[in-house]
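# Structure assessment
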Amino acid sequence: MVSAETGKPLFKKILIANRGEVALRVIRACRELGIRTVAVYSTADTDSLHVRFADEHICIGPPASQDSYLSIPNIISAAEITGADAVHPGYGFLAENSVFAHICEECRITFIGPRPEIIDQMGDKAKARETMVRANVPVTPGTDGIVRNIDEAVAFAEKIGYPVIVKAVAGGGGRGMRIGTDENSLRAGIVTAQAEAAVAFGNDAVFIEKYLVNPKHVEIQVLGDSRGNVIHLGERDCSIQRRHQKLIEETPCPVMTDELRERMGAAAVDAATAVGYTGAGTIEFLLDSDRNFYFMEMNTRIQVEHPVTEVVTNVDIVKEQIRIAAGQALSYTQDEIIWDGHAIEVRINAEDPDRGFMPCPGKTIEVYHPPGGPGVRVDSHAYREYYISPHYDSMIAKLIVRGHNRPEAVQRMVRALDEYIIEGVKTTIPFHKWVMQNPTFRRGDFGTNFIDKEYES
């Protein structure tokens, strides 16, 4: 597809610096835009579908991520060898790595995402919090900056009241986080969080916030272009999670009202505007029982759960990412965004719910039959005889359904899960079936402690 403004192709060729279903997702968007694609792969992914469906493919190293999908020199070399003029990072791996984005810029390769300095600013949770305060976006009560000594942290916690949560400034995925319910657990939590953050992120700095008991985790999808236009695409309820890892997402949020969506959407737009955000991003909030919401963090990339937003707004978020990176204006104004229906996404992982969600790598899928029919979408790179590599995450597929309303969407998910046949490896399909039948879930009356409170594996 050519630019409507210049008459030239958006990009000649895009290299996808990722693997699995997200690589396939980007390839599909590029194919529809008339852009050629390059798949990179490790030796463990030689038979992966993203390699088969890309226009070109190039091996970037052995199975270990640090030697392949996390190797910036290997990926940049692949882009230069194949003549790619843009790189799409997907999510995970290098998607929020400002060094990678900066090197792409230096090599005159367009990074399909925000500028490196924005990744840094919003990736540092303490700096992001300070930015939101200046932008008048609600934040939970917390320390002004990082914790410099434990005694000061204890004094602060006693001032605002327990429980509190310790967070690594460079954290993500639940790492570097601990809850303090009293002085002893706070002191121990700070030490543990700092040690964990140092290993995981190379940065042991932490800060403290008031801990909200069983809030909803609600995120707002935003899009911003280089012309200063920013819009939001509504919310996603991501409260069904285990150890801070999301398992099920839906839109609209079961407790959302038009007035609340307007306020949260406006806050998310203000947050993105405050940093001059370009591309697709997500502003994550905690929503308490009184419908007060507080900024938690910003993800400066596309999210795993973006399909639920796509199917209710009819906006192709990946295509918008590509158009924005090519310098085009947003394809939509805020007034043109219409939410139609209800969507739910479940992440089907190679894990055993009956054994504490233990991963099941090193297995081969013996039978694979994805569901279909009205309102069903499957984003997956799996197939019969696909080998679940121990080197990468355990996600096999994302199953997304849409209904005219939430009850229809829940029933459609039940039907789709019944149709989904995967044999040869344990999966989370039984867990998702249980959730869909759970009375608390069906009422929409749940928060982030749903699994701990309701599910016994």
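The preceding data block contains the structure.
Below: a short report on this structure. The structure presented is a predicted model; accordingly, all values stated were derived computationally and were not measured. (Residues numbered from 1 in each chain as written. Predicted model: local features only at pLDDT ≥ 70, side-chain atom pairs only at ≥ 80, totals over all residues. Heavy atoms only, no water.)

A word on the overall build of the protein. Along the backbone of the protein there are 15 helices and 20 strands. Along the first, second and third principal axes, the C-alpha atoms of the protein reach 60 × 50 × 45 Å. Every one of the 457 residues in the protein was classed for burial, and the buried ones make up 57%. Carbon and sulfur atoms make up 48% of the accessible area of the protein, which totals about 18800 Å². Of the charged side chains in the protein, 49 are positive and 63 negative; the average position of the first set lies 2 Å away from that of the second. (Helix = DSSP H or I, 4+ residues; strand = E, 2+ residues; numbered from the N terminus. Buried < 20%, exposed > 50% of the residue type's maximum accessible area, 1.4 Å probe, protein only. Areas by Shrake-Rupley, 256 points an atom, 1.4 Å probe, with all protein chains shown as cover. Lys, Arg positive; Asp, Glu negative; His and termini not counted. Charge placed at Lys NZ, Arg CZ, Asp CG, Glu CD.)

Our next topic: the pattern of salt bridges. Counted by the stated rule, this structure contains 33 salt bridges. Notably, a salt bridge pairs Arg25 with Glu310, separated by 2.7 Å at the nearest N-O pair. In this pair, Arg25 is assigned in helix 1 (residues 20-33) and Glu310 in helix 10 (residues 306-313), connecting sequence segments 285 residues apart. Overall, the relative accessible area of 6% leaves Glu310 in the buried class. Residues participating in the shared-partner salt-bridge network are Glu219, Arg236, Lys246, Glu249, Glu284, Glu305 and Arg347. (Salt bridge = Lys/Arg side-chain N within 4 Å of Asp/Glu carboxyl O.)

We now examine the sheet that holds strand 10 (residues 230-242). Reading across from one edge, 13-12-9-10-11-14-19-18 is the order of the 8 strands in this open sheet, with antiparallel pairing throughout. Looking at the sheet topology across the chains shown, the edges are occupied by strand 13 (293-299) and strand 18 (376-380). For this sheet, the mean angle separating the axes of adjacent strands, direction not counted, is 25°. Where strand 14 (residues 342-349) meets strand 19 (residues 395-403), 8 bridges bridge the pair, whose relative direction is antiparallel. If you follow His342 over to strand 19, its bridge partner there is Gly403. Running over the sheet, helix 10 touches strand 9 (216-224), strand 10, strand 11 (245-251), strand 14, strand 18 and strand 19 and is turned about 155° from strand 14. (Pairing = 2+ DSSP bridges. Axes fitted to C-alpha atoms, helices over the stretch in contact; angles between N-to-C directions. Contact = heavy atoms within 4.5 Å.)

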